[in-house]
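Residues per chain, in single letters:
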Amino acid sequence: MHMVVPYNYVLLSLFTVCVSVCIAKIAAASEPQIVFEAFCLTTAAVVGISVFAVTSFRKFKDVDKVSVMAPGLSAVGMIFAVTGLFVFLPVTDLTKDPNVDTTGKLNWKVLYASIAIVLFAIIMLFDTSQVIGGKSMMFELGPECYILGALQLYLEYINMFVLILVILGEVG
């Protein structure tokens, strides 16, 4: 159904509207300045990754051997997503002892979000290269899979935005 012309546009539009409503609720809970900063940082990262993927990524020697990492990145992404459930879900503090000092405790949300941004940047580099295509890549999206390519890049942009919003919200 994703390759049938009228349906794929309708489904992509419906999905985009639903995700936009979710992102709007997340952004409404944050300060406007933090949302604007997250937008600017995400846009700068995406533009930088896209320019690198279009101009320089194929010039690396043995880039086809590096593209074998794409399935591994999917596996690491799934493991990271499951780990994220434990980081972001609310848990009660097991140490109710007032003598325990928790002020120097590492902020796990910021660490997780920082690592996830790097992971999404690498995945975005591979997905942009897949959309562009070429002989040097092991995996390539054909011209009939333009909706899939657009959806991949859109979701990576949204995920990076939310993660940067988490970092700026926790730090600021």
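Residues numbered from 1 in each chain as written. Predicted model: local features only at pLDDT ≥ 70, side-chain atom pairs only at ≥ 80, totals over all residues. Heavy atoms only, no water.

## A closer look at the overall build of the protein chain
This is how the line gets drawn: Working definition: helices are DSSP H or I runs of at least four residues, strands are E runs of at least two. Numbering for both runs from the N terminus. Relative accessible area decides the class of each residue, using a 1.4 Å probe on protein chains only: under 20% of the type maximum gives buried, over 50% gives exposed, and in between gives partly exposed. Any two residues having at least one pair of non-hydrogen atoms within 4.5 Å are treated as being in contact.
On a plain count of helices and strands, the protein chain comes out with six helices and zero strands. When its helices and strands are written in sequence order, the protein chain yields α-α-α-α-α-α. Counting only residues that meet the buried cut, the protein chain has 28% of its 172 residues in that class. Taking as baseline every contact in the protein chain between residues at least 6 positions apart, the subset at least 24 positions apart corresponds to 83%.

## Describing the environment of E31
By secondary structure assignment, the location of E31 is in the loop between α1 (5-28) and α2 (32-55). For E31, a relative accessible area of 52% translates into the label exposed.

## Digging into α1
Stated precisely, the cut-off is as follows: The span one expects for a helix is its residue count, reduced by one, times 1.5 Å.
For α1, built from 24 residues, the straight-helix expectation of 34 Å at 1.5 Å per residue is met to within 8% by its first-to-last C-alpha distance of 34 Å. When α1 is considered as a whole, its buried residues turn out to be N8, V19, I23 and A27. Tucked into the core, α1 has its buried residues touching α2 and α6 (146-171).

## Some details on the side chain of E156
If you trace the backbone, E156 turns up in helix α6. Those residues in contact with E156 that sit more than four places away from it in its chain are F120, I123, M124 and D127.

## Quick word on the packing of helix α5 (residues 108-132) against α6
The cut-off we apply is this: Helix axes use the C-alpha atoms of the stretch in contact, all axes being lines fitted to C-alpha atoms, and the angles between their N-to-C directions lie in the range 0 to 180 degrees. For classification, angles of less than 35 degrees are called roughly parallel, those exceeding 145 degrees roughly antiparallel, those between 65 and 115 degrees roughly perpendicular, and all remaining angles oblique. In this scheme the handedness of a crossing depends on how the near helix is turned from the far one: anticlockwise by less than a right angle means left-handed, clockwise means right-handed. Residues were grouped as follows: Ala, Val, Leu, Ile, Met, Phe, Trp, Tyr, Cys and Pro as nonpolar; Asp, Glu, Lys and Arg as charged; and all remaining residues, including Gly, as polar.
It is the contact of α5 with α6, at a shortest axis distance of 9 Å, that shows an interaxial angle of 160°. Here α5 lies roughly antiparallel to α6, going by the angle between them. Between α5 and α6 lies a crossing of left-handed hand. Classifying every residue of the contact of α5 with α6 gives 17 nonpolar, six polar and four charged.

## Regarding α5
Here α5 is 25 residues long and its end C-alpha atoms lie 36 Å apart, about the 36 Å a rise of 1.5 Å per residue gives. Just downstream of α5, G133 is the residue with a positive phi angle, here 80°.

## Focus on the nonpolar core
What counts, and what does not: Among the buried residues, those of types Ala, Val, Leu, Ile, Met, Phe, Trp, Tyr and Cys that are joined through side-chain atoms within 4.5 Å form a nonpolar core.
Formed by 23 residues in total, the largest nonpolar core has its most connected members in A38, I117, F161 and L165. Among the secondary structure elements, those contributing two or more residues to this core are α1, α2, α5 and α6. Ranked by residue count, the leading element in this core is α6, at eight residues. For L165, the residues in contact, after removing those within four places along its chain, are I26, S30, I34, V35 and A38.

## What about the packing of α2 against α5?
Relative to each other, α2 and α5 sit at 45°, their axes nearing to 9 Å. Judged by the inter-axis angle, α2 sits oblique to α5. Viewed along their axes, α2 and α5 form a crossing whose handedness is right-handed. Across the interface between the two elements, V46, I49, S50, F52, A53 and V54 from α2 touch A121, M124, L125, T128, S129 and I132 from α5.

## What to know about the state of the cysteines
The line we're drawing: Two cysteine sulfur atoms form a disulfide, by the criterion used here, when they sit within 2.5 Å.
Applying the stated criterion across every chain yields a total of zero disulfides. Free of any disulfide, C18 has its nearest neighbouring cysteine sulfur in C22, separated by 7.2 Å. For C18, a relative accessible area of 42% gives the class partly exposed.

## As for the confidence of the model for the protein chain
Segments scoring low in pLDDT should not have their predicted coordinates read at a detailed level. Our working rule: Confidence scores here are pLDDT values: one per residue, from the predictor, ranging 0 to 100.
Of the residues in the protein chain, 62% reach a pLDDT of 70 or more, and the chain-wide mean stands at 76. Across the protein chain, the secondary-structure element scoring lowest on mean pLDDT is helix α3 (residues 63-66), at 58, and the one scoring highest is α1, at 91.

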